[in-house]
Amino acid sequence: MREAVVSSSQAPRPPAHIAIIMDGNGRWAKARGLPRVAGHQRGAEAARIAVRTCRELGVKFLTLYAFSSENWKRPASEVDDLMALLRYYLRREVSDLTEQDVRLRFIGSRERLAPDIISEIEHAEARTQHNSGLTLVVALNYGSHEEIVQAARSLAQDVANGVLKPSDIDENTFAERLSTSDIPDPDLLIRTSGEQRLSNFLLWQAAYSELVFLDTYWPDFSRENLETAIAEFHRRDRRFGTTNG
Ligand code: IPE
Ligand code: IPE
Ligand code: MG
């Protein structure tokens, strides 16, 4: 296993769960006169850096938004490029992630995914299930609206079947039907590329996340950017609706 670089003993504990909207691949490529796929390729490298850094800093969960349920609206050639890249990474990275004691999890619908990608995902999840250093959650074909509707439908079905009363439904029973039921809510949510919106990402789970928006395009994302975002997180005063900071 690789050596973990532990931050100084005075450093505050890092956020337990960091979620990232990896945005700006296309603009990064455009600024260099390159095809968009070149931005996605470099973006995959940046994701690798983010995983390694989180692992070294002792972050327990990292969720990366890799493909939204709305990204199917892109030209078919770009969707194909993204899926090809994913396929390539799934085949190549799993051993390395295992070496880093990283557990892989996928959230999002599997419905439109190619059968070979689904089996790679299942293989990666199974192979890394006992790793405990960092859980890397990949949000793939993920959209919060769809996830929330699906949770509501499953509760409604239980009510229709007489196994649940409407009055049994509360925030906890609802959260248990989401794909993140066994994952804590993100403490810090980062979006790169200067955009300041959630784009259907973790709408339920990010209710109390600290939001940090960085101007950097995702392919340029570095360890320093992550440390900047974490430092900003530590300056925030999380009150969760109370008066004490
Ligand atoms: C993020 O970069 C990657 C995905 C959404 C898959 P974009 O492809 O959205 O890049 P921009 O926003 O067009 O620059
Ligand atoms: C959000 O980025 C999705 C991912 C990063 C995977 P988009 O680039 O698709 O979001 P919009 O279209 O700018 O809102
Ligand atoms: Mg974008």
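Below or above, wherever it landed, is the structure these notes cover. (Residues numbered from 1 in each chain as written. Chains lettered and ligands numbered in written order. Predicted model: local features only at pLDDT ≥ 70, side-chain atom pairs only at ≥ 80, totals over all residues. Heavy atoms only, no water.)

**As for the site of ligand 2**
Close to ligand 2 lie Ile21, Met22, Asp23, Tyr65, Ala66, Phe67, Ser68, Asn71, Arg74, Arg191, Arg197 and Ser199. Take arginine 191: an N or O atom from its side chain is 3.3 Å from an oxygen atom of ligand 2. Arginine 197 places a polar side-chain atom, nitrogen or oxygen, 2.8 Å from an oxygen atom of ligand 2. Relative to its unbound accessible surface of 390 Å², ligand 2 loses 78% to contact with the protein. Top contributing element to the shell around ligand 2 by residue count: strand S2 (residues 61-68), with four residues. When its residues are assigned to classes, the shell around ligand 2 shows five nonpolar, three polar and four charged. (Near = heavy atom within 4 Å. Polar contact = N/O pair within 3.5 Å; in protein donor to acceptor, adjacent residues only side chain to side chain. Areas by Shrake-Rupley, 256 points an atom, 1.4 Å probe, with all protein chains shown as cover. Helix = DSSP H or I, 4+ residues; strand = E, 2+ residues; numbered from the N terminus. Nonpolar A, V, L, I, M, F, W, Y, C, P; charged D, E, K, R; others polar.)

**Quick word on the pattern of salt bridges**
Following the criterion strictly, the structure yields 26 salt bridges and no others. A salt bridge links arginine 32 to aspartate 220; the nearest nitrogen and oxygen atoms lie 3.8 Å apart. One end of the pair, arginine 32, is in the loop between helix H1 (25-31) and helix H2 (36-57); the other, aspartate 220, is in the loop between strand S6 (210-213) and helix H7 (223-235), and 188 residues separate them in sequence. By relative accessible area, aspartate 220 is classed as partly exposed at 35%. Salt bridges sharing common partners tie together Asp187, Glu210, Glu232, Arg235, Arg236 and Arg238. (Salt bridge = Lys/Arg side-chain N within 4 Å of Asp/Glu carboxyl O. Buried < 20%, exposed > 50% of the residue type's maximum accessible area, 1.4 Å probe, protein only.)

Shape descriptors only; they carry no functional weight alone.
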